[in-house]
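# A structural walkthrough
For reference, the chains in residue letters:
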Amino acid sequence: MHELSIALNLVEIVDEAARRAGAERVVVVHLRLGAMSGVVQEALEFCFPLATEGTLVEGARLEIERVPLVVACASCERDVQPAEGSFRCPLCGALSMLIRQGRELEVTGIEVPDPEPAMEEP
Amino acid sequence: MPSLSTRLLEIRTGVLSKNDQLAARLRERFRAAGVLALNLVSSPGSGKTALLERTLTDLVRAGHRPAALVGDLATDNDARRLERSGAPVRQIETRDMCHLEAEMIGAHLDAAGWNLEDLEYLFIENVGNLVCPSGYDLGEAVRVVLLSVTEGEDKPVKYPVLFNSADVAIITKLDLAEACGIDLALMRRNIEEVRPGIAIFETSARTGAGMDAWLTWLTARRMRGDAM
């Protein structure tokens, strides 16, 4: 269970970015989470609100985009998605270590309140 | 109620980027000092300390200069055990942390006051855990995953993330293989399934079986020096 420390790192990055942008708070946090990141999504979602307490991120929604494992198969010469717990090409059965994606654990963006909201019709 | 109008700020930052930066600095320090740093990961009880004890002892006897940082949730039992090898050893008590981070390595190296130039090998024994240490770069040149014959053949496919992150796998407690009825060929296949092309050693710290091959690999890897 290291998701709390992951959540604390995440909140620190987001809080700092929000401050730099002069935002008062953060509404949404966008995160890309790879199948091989070693992070359990449910555990991270559980820890996230705890980690946000007392920061600009408090109350923000965590939007997670899951990234499947994709490896480059040397014999098929294409990018393939192996079955879970395997690095075997589903097309030809060869093993491949060339990971194209799946290790992601990154903040891609945050949504903050617009300082000049569009005028509402009366 | 008017819907909240928001603007999107693109960030694109790795959540562990701070750790990665500290690890990169450590890696550069190790490289400059000619130290081969190794990060030992495994589940609790798979024999990290026993293998390390034997490795340190054998290296010291052969005239090499290894040192070790040992992570545990509590107690300095492992450090005291490893000190008998004659190598400098420092315990990292993580309190409740389930893994080591680069910041701890830097802090403990400074506190230990070791001159890296005087060392050839730095072994970092991580906290026994097959999940959490995988994402944390400690600046090591080699990540070693240990798997004891008592753990069963299918552990690698159950924990692919950690096994995949390793550069070397060591099957430990080989002296118990027969008693456990382990299928070693299957265990090796399962390691390769999640980490194709990995170097695999089979050892027993108790009998010394396989230690020569492991030590030969270690010294050759340090001499080669690339990507250290």
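In what follows, the accompanying structure is described. (Residues numbered from 1 in each chain as written. Chains lettered and ligands numbered in written order. Predicted model: local features only at pLDDT ≥ 70, side-chain atom pairs only at ≥ 80, totals over all residues.)

### Digging into the sheet that holds strand β4 (residues 78-80) of chain A
All names here are of chain A. To keep things clear, this is the line we draw: Here, a strand pair is defined by DSSP locating no fewer than two bridges between the strands. Secondary structure counts use DSSP, requiring at least four H or I residues in a row for a helix and at least two E residues in a row for a strand, with both numbered from the N terminus. To get an axis, a line is fitted to the C-alpha atoms, and for a helix only the part in contact is used. The angle between two axes follows their N-to-C directions and goes from 0 to 180 degrees.
The strand order β4-β3-β5 describes an open sheet built from three strands, whose pairing is antiparallel. Lying at the two open borders of the sheet, with one neighbouring strand each, are β4 and β5 (99-101). Strand-to-strand, the axes of this sheet are offset by a mean angle of 40°, without reference to chain direction.

### Describing the environment of C180 of chain B
All names here are of chain B. For clarity, the threshold we go by: Any two residues are considered in contact once their C-beta atoms, placed from the backbone, lie within 7 Å.
Relative to the elements of secondary structure, C180 occurs in helix α7 (residues 177-180). Along the primary structure C180 and E151 are separated by 29 residues, whereas in three dimensions their C-alpha atoms are 9.2 Å apart. Ignoring any residue separated from it by four or fewer positions in sequence, one finds C180 in contact with V149 and T150.

### Observations regarding the interface of chain B and chain A
Cut-off, in case you're wondering: By the convention adopted, Pro, Cys, Tyr, Trp, Phe, Met, Ile, Leu, Val and Ala count as nonpolar, Lys, Arg, Asp and Glu as charged, and the other residues, Gly among them, as polar.
The interface is formed by 30 residues belonging to chain B together with 32 residues belonging to chain A. Elements with a contribution of two residues or more to the side of chain B that touches chain A: β1 (6-14), α6 (160-164) and α8 (184-194) of chain B. In terms of residue count, the dominant contributor to the side of chain B that touches chain A is β1 of chain B (nine residues). A class-by-class count of the residues in the side of chain B that touches chain A yields 15 nonpolar, nine polar and six charged.

### Some points on the packing of helix α1 (residues 17-33) of chain B against helix α4 (residues 102-112) of chain B
Residues and elements named next belong to chain B. Heads up, the rule is: Orientation is classified from the angle alone, with under 35 degrees giving roughly parallel, over 145 giving roughly antiparallel, 65 to 115 giving roughly perpendicular, and any other angle giving oblique.
Axis separation between α1 and α4 bottoms out at 8 Å; the angle between their running directions is 40°. Relative to α4, the element α1 is oriented oblique. Contacts from N19, L22, A23 and L26 of α1 reach α4 at A102, E103, I105 and G106. Of the residues assigned to the contact of α1 with α4, the class counts are five nonpolar, two polar and one charged.

### Overview of the pairing of strand β3 (residues 66-72) of chain B
One face of the sheet, then the other: side chains in a regular strand alternate in exactly this way. All names here are of chain B. Here is the rule we go by: Put simply, a residue is buried when 20 or more other C-beta atoms lie within 10 Å of its own C-beta and exposed when 12 or fewer do; between those, it is partly exposed, and each C-beta is set from the backbone.
Of all seven residues making up β3, six are buried, and the element is well covered by its neighbours. Here β3 runs beside strand β5 (residues 121-125); their pairing, made up of five bridges, is parallel. Its bridge partner lying in β5, V70 is registered against E125. In terms of strand pairing, β3 meets strand β4 (residues 89-93) through five bridges, oriented parallel.

### Section: the environment of A209 of chain B
Assignment of secondary structure puts A209 of chain B in the loop between β8 (199-202) and α9 (211-224). When residues no more than four places from it in sequence are discounted, the contact partners of A209 of chain B are L174, D175, T203 and S204 of chain B.

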